[in-house]
Amino acid sequence: MRHLLIAGVTTRALAVSAVRAGWRVTAVDAFGDLDLRAVATVASAAGTVGKRFSPAAAARAARGVTADAVAYTSNFENHPEAVASLARGRQLLGNTPDVLEQIRNPLILMRALRRRGFAVPDTRASAPPFHSSERWLTKPRRSGGGHGTSSWHGDPVRRSAYLQARIRGTPGSISFLADGRHSVPIGLSLQLVGEAAFGARGFKYCGSLLAGGKTPLFHLAGEVAATAAALAAAVTEEFGLVGLNGLDFIARDGIPFPIEVNPRYSASMELVERALPHVSLFRLHERACGGLLPSDTATPRHVAGKSVVFSRRAVMIGDTSHWAADGIADIPHPGDRIGRGHPICTVFAEGRDARECRERLVRKAARIYRAVAPPARGAA
């Protein structure tokens, strides 16, 4: 059996997909959750499991792992040097460090898409002219999941950040497979961002809804889907992307304004496998990295959703032995201390439409909050 190393902040979903494709998996991530340990060997080191995740530390922890191939998840795309370390002596199933250097530069990305005729948000490395009336966001160059994004109030722009014009609309993402020249869309999803029901705020990603073509998630959904697919084709051709990739956008009046490209497995992709259980996205990823794309992809019949449930206050986790049977993923260990704003777990739901699916996610998140709440004072 071939041996795969997976590294990233969270690796459980990709590890499950790789095991389904016939791989033996060793994982290095920030959590080492119970359901990850059920399918993979977890390699940990100081600075990875249970602490603030560092791609450099994860790459060091992986040095002693003998594996045939390696794949990565968030946030390795922001650390090409760590990807190069992971790939040393192993087959890299994913985009190379050289590709990451280019596509994760927001100025290079937006210039390339504007040159190809797409509508893009103004993106700049320095403050705009004083008379500019646009509203701007400041974002870290090593971004991920909306962390560190905030409204800009005129302060100097750090070298580690950039400004992007704020687009009012609905956040979404297109997932696609690429072979370096061509791309095939595999899913269009609506993103849940900053929702208090899941313990998030601001621009923090907290979930996704995925639907087939007959269940629109966006206003003028057909136009959004067509242009998003064209964007995926353009970035594939421009930057030579391979394997699984995602492109985030803000949809307004049928136009998806691209925000960034995630050149690796991303959070919404497991919904494709949950909606289409015969599919292994890792198998498709492996084949696409080798130049083979599927001729087409199936679409789910209903809306499938997931949400990350973030802790609203510091909690200690109790018994989680039944969580897997309840359809919960990214399950923490009993006795784990989870600080405010950190993820507790992931919940899933389906619905006939986006509203029903989201309402079911909210109810499941509420059950998680009740389960981790400390007992009432004076209770037996």
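First things first, this report covers the structure right here in the doc. Keep in mind that this is a model prediction, so the values were computed, not measured.

1. What about the overall build of the protein?
- Per the secondary structure count, the protein includes ten helices and 18 strands.
- Here the C-alpha atoms of the protein give a radius of gyration of 20 Å, agreeing with the 21 Å that 2.2 N^0.38 yields for 380 residues.
- The dimensions of the protein, computed from C-alpha atoms along their principal axes, are 65 × 50 × 45 Å.
- Across the 380 residues in the protein, those meeting the buried criterion constitute 54%.
- Taken as two groups, the 49 positive and 31 negative side-chain charges of the protein have centres that lie 5 Å from each other.

2. Things to note about the side chain of lysine 306
- Mapped onto the secondary structure, lysine 306 falls in strand β15 (residues 303-310).
- On the accessibility criterion, lysine 306 (5% relative accessible area) is buried.
- A polar contact of 3.1 Å, which involves the side chain of lysine 306, links it to the backbone oxygen of alanine 267.
- Reaching out from lysine 306, the side chain makes a polar contact with the side chain of glutamate 270 at a distance of 2.8 Å.

3. Thoughts on the pattern of salt bridges
- Counting across every chain of the model gives 16 salt bridges.
- A salt bridge links aspartate 35 to arginine 12; the nearest nitrogen and oxygen atoms lie 3.9 Å apart. You can see aspartate 35 sitting in helix α2 (residues 34-37) and its partner arginine 12 sitting in helix α1 (residues 12-20), a full 23 residues away along the chain.
- Classification of arginine 12 by relative accessible area gives buried; the value is 7%.
- Among the charged side chains, a network of salt bridges with common partners joins Arg12, Asp35, Glu270, Lys306 and Asp330.

4. A closer look at unusual backbone geometry
- Here the residue pair serine 74 and asparagine 75 is connected by a cis peptide bond, since its omega of 0° sits within 30 degrees of zero.
- Locating asparagine 75 in the fold gives a position in the loop between β4 (69-72) and α4 (80-87).
- Of note, leucine 220 is a non-glycine position whose phi angle comes to about 55°, a positive value.
- Inspection of the secondary structure puts leucine 220 in the loop between β12 (205-210) and α7 (221-239).
- The partly exposed category is assigned to leucine 220, whose relative accessible area is 36%.
- Even without a glycine there, the phi angle at aspartate 330 is positive, about 55°.

5. Comments concerning the sheet that holds strand β9 (residues 161-165)
- Pairing is antiparallel across the open sheet formed by four strands, whose spatial order is β6-β9-β7-β8. Since the sheet does not close on itself, it has two edges, and those belong to β6 (123-124) and β8 (150-151), each with one partner.
- Here β6 runs beside β9; their pairing, made up of two bridges, is antiparallel. By the bridge assignment, threonine 123 is partnered in β9 with glutamine 164.

6. Some thoughts on α1
- Those residues of α1 not exposed but buried are Arg12, Ala13, Leu14, Ala15, Ser17 and Ala18.
- Glycine 22 sits one or two positions beyond α1 and adopts a positive phi of about 100°.

7. Concerning the sheet that holds strand β3 (residues 41-42)
- With respect to topology, five strands assemble into an open sheet ordered β3-β2-β1-β4-β5, the strand pairing being parallel. In this open sheet, the two edge strands, each paired with only one partner strand, are β3 and β5 (91-92).
- Pairing analysis gives four bridges linking strand β1 (residues 3-7) to β4, with the strands arranged parallel. Paired with leucine 5 across the two strands is valine 70, which belongs to β4.
- In the packing of α1 onto the sheet, the strands contacted are β1, β2 (24-28) and β4, and the crossing angle to β1 comes to about 165°.
- In the packing of α4 onto the sheet, the strands contacted are β1, β4 and β5, and the crossing angle to β4 comes to about 155°.

8. Comments concerning the packing of aromatic side chains
- One pass over the structure, following the stated rule, counts four aromatic pairs.
- Ring geometry for tyrosine 72 against phenylalanine 76: centres 6.4 Å apart, planes inclined by 45°, an arrangement best described as tilted. Neither residue differs from the other here; tyrosine 72 and phenylalanine 76 are each classed as buried.
- Between the aromatic rings of phenylalanine 218 and phenylalanine 249, the centroid separation amounts to 5.6 Å while the plane-to-plane angle is 50°, which identifies the pairing as tilted. Here phenylalanine 218, found in the loop between β12 and α7, pairs with phenylalanine 249, found in strand β13 (residues 242-252); they are 31 residues apart in sequence, far enough to count as distant.

9. Topic: the packing of helix α6 (residues 106-115) against α7
- Interhelical geometry of α6 versus α7 gives an angle of 115° and a closest axis separation of 11 Å. Viewed along their axes, α6 and α7 adopt a mutual orientation that is roughly perpendicular. When the axes of α6 and α7 are compared, the crossing they make is right-handed. Between α6 and α7, the contacting residues are Ile108, Leu109, Ala112, Leu113 and Arg115 on the first element and Leu231, Ala234, Val235, Glu238 and Phe239 on the second.
- Partitioned by chemical class, the residues of the contact of α6 with α7 number eight nonpolar, no polar and two charged.

Criteria and cut-off values
- Residues numbered from 1 in each chain as written.
- Predicted model: local features only at pLDDT ≥ 70, side-chain atom pairs only at ≥ 80, totals over all residues.
- Heavy atoms only, no water.
- Helix = DSSP H or I, 4+ residues; strand = E, 2+ residues; numbered from the N terminus.
- Rg over C-alpha atoms; globule rule 2.2 N^0.38 Å.
- Buried < 20%, exposed > 50% of the residue type's maximum accessible area, 1.4 Å probe, protein only.
- Lys, Arg positive; Asp, Glu negative; His and termini not counted.
- Charge placed at Lys NZ, Arg CZ, Asp CG, Glu CD.
- Polar contact = N/O pair within 3.5 Å; in protein donor to acceptor, adjacent residues only side chain to side chain.
- Salt bridge = Lys/Arg side-chain N within 4 Å of Asp/Glu carboxyl O.
- Pairing = 2+ DSSP bridges.
- Contact = heavy atoms within 4.5 Å.
- Axes fitted to C-alpha atoms, helices over the stretch in contact; angles between N-to-C directions.
- Phe/Tyr/Trp six-rings, centres within 6.5 Å; stacked < 30°, edge-to-face > 60°.
- Parallel < 35°, antiparallel > 145°, perpendicular 65-115°, else oblique.
- Left-handed = near helix turned anticlockwise from the far one by under 90°.
- Nonpolar A, V, L, I, M, F, W, Y, C, P; charged D, E, K, R; others polar.

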